[in-house]
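# Topology and contacts: notes
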Amino acid sequence: MSKRVTIEREEPLSQGFVKLTRYTIGYQRRDGSVDRLVREVHDHGHGASVLPYDARRGTVLLVRQFRLPAYLTDGGNGFIIEACAGLLDGDDPAVCASREAEEELGIRVSNLRHMMTIYGSPGCVTEHIALFLADYDHDSRLSDGGGHAHEGEDIEVLEIPFAEMRQMVKDGLIVDAKTVLLSLFLERELGLPPP
């Protein structure tokens, strides 16, 4: 496949929080003809996400936070319910998932289990996200969580029954792709039928 793609030009458009680059490529189609394509690619690094589950109480920990793209797209208030997540910042994905659970949720997770690594939007974003399930209980609490204000985080921690989360996914109240996938992985791990 790599022989079918030739990068002809890279034009940096932004070097802020994200790198945005316009690429001009030569793409050889299956029939041998070559198209010149222009694509803009967003790069801000790779991430990890974790959904902690308390088996004794049947609860999960989620976060609710403001997401500007959701606000601009949906015309709503921009607050999304999702599994906690963060950028790797040079760390191993498992280390990142554990760190984010402590920072955002205020808990120490145990029995961290890697489910898979996904591309959330491979048509224009380079980021891939490692997805984890983990365990927690009442004794896992370290702080109130909420993230770091100096990073612009204002995160509300939600502890809800997993049955309620499943229903929220079904009803379209949880629309974040990584969170929907983690819900399905936990459902499968617990041997539950679809809601």
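Our subject is the structure listed above.
Residues numbered from 1 in each chain as written. Predicted model: local features only at pLDDT ≥ 70, side-chain atom pairs only at ≥ 80, totals over all residues. Heavy atoms only, no water.

Quick look at the packing of aromatic side chains now. The full count for this structure, using the stated rule, is 3 aromatic pairs. Centre to centre, the rings of Tyr53 and Phe162 are 6.2 Å apart; their planes meet at 75 degrees, and the pair counts as edge-to-face. Here the residue Tyr53 occupies a position in strand β4 (residues 47–54), and Phe162 occupies one in helix α3 (residues 162–170), the gap between them amounting to 109 residues. Pair check on accessibility: Tyr53 and Phe162 agree, each one buried. Considering the side-chain rings of Phe66 and Phe79, the 5.7 Å spacing of their centres and the 65 degrees angle between planes classify their relative orientation as edge-to-face. Highlighted residues: Phe66 in strand β5 (residues 59–66) and Phe79 in strand β6 (residues 79–82), separated in sequence by 13 residues. The class for Phe66 is partly exposed, based on a relative accessible area of 39%. (Phe/Tyr/Trp six-rings, centres within 6.5 Å; stacked < 30°, edge-to-face > 60°. Helix = DSSP H or I, 4+ residues; strand = E, 2+ residues; numbered from the N terminus. Buried < 20%, exposed > 50% of the residue type's maximum accessible area, 1.4 Å probe, protein only.)

The next subject is a nonpolar patch on the surface. A cluster of nonpolar side chains, Phe66, Leu68, Tyr71, Leu72 and Phe79, forms an exposed patch at the surface whose accessible area comes to about 520 Å². At 3 residues, the largest contribution of residues to the nonpolar patch is made by helix α1 (residues 68–74). (Patch = residues over 30% accessible without salt bridge, like charges linked within 9 Å, V, L, I, M, F, W, Y side chains within 5 Å. Areas by Shrake-Rupley, 256 points an atom, 1.4 Å probe, with all protein chains shown as cover. Salt bridge = Lys/Arg side-chain N within 4 Å of Asp/Glu carboxyl O.)

Our focus in this paragraph is the layout of surface pockets. Here the largest pocket defines a volume of roughly 1400 Å³. Those elements giving two or more residues to the lining of the largest pocket turn out to be β4, β5, α1, β6, β7 (84–87), α2 (93–105) and α4 (177–190). If you tally residues by element for the lining of the largest pocket, the top one is α1, at 5 residues. Of the residues in the lining of the largest pocket, the class split is 17 nonpolar, 9 polar and 14 charged. Here the second largest pocket defines a volume of roughly 170 Å³. Arg64, Ala70, Asp74, Gly76, Asn77, Gly78, Phe79, Ile80, Ile81, Gly172, Leu173 and Val175 together form the lining of the second largest pocket. Looking at the lining of the second largest pocket, the elements that each hand over two or more residues are α1 and β6. Sort the elements by how many residues they give to the lining of the second largest pocket and β6 lands first, with 3 residues. Taken together, the residues of the lining of the second largest pocket break down into 6 nonpolar, 4 polar and 2 charged. (1 Å grid on protein atoms, 1.4 Å probe; cavity = no way out; pocket = protein on both sides within 12 Å on 5 of 7 lines; lining within 4 Å. Points joined across faces, edges and corners; volume = space filled by probe spheres on them. Nonpolar A, V, L, I, M, F, W, Y, C, P; charged D, E, K, R; others polar.)

Before going further, it helps to examine the sheet that holds strand β3 (residues 34–43). In space, the 3 strands of this open sheet follow the order β1-β2-β3, with antiparallel pairing throughout. Of all the strands in the sheet, the pair left with one neighbour each is β1 (5–15) and β3. Averaged over neighbouring strand pairs, the angle between their axes works out to 20 degrees when direction is ignored. One ladder, built from 10 bridges, connects strand β2 (residues 19–28) with β3; its direction is antiparallel. Within the sheet, the bridge partner assigned to Thr24 lies in β3 and is Val38. (Pairing = 2+ DSSP bridges. Axes fitted to C-alpha atoms, helices over the stretch in contact; angles between N-to-C directions.)

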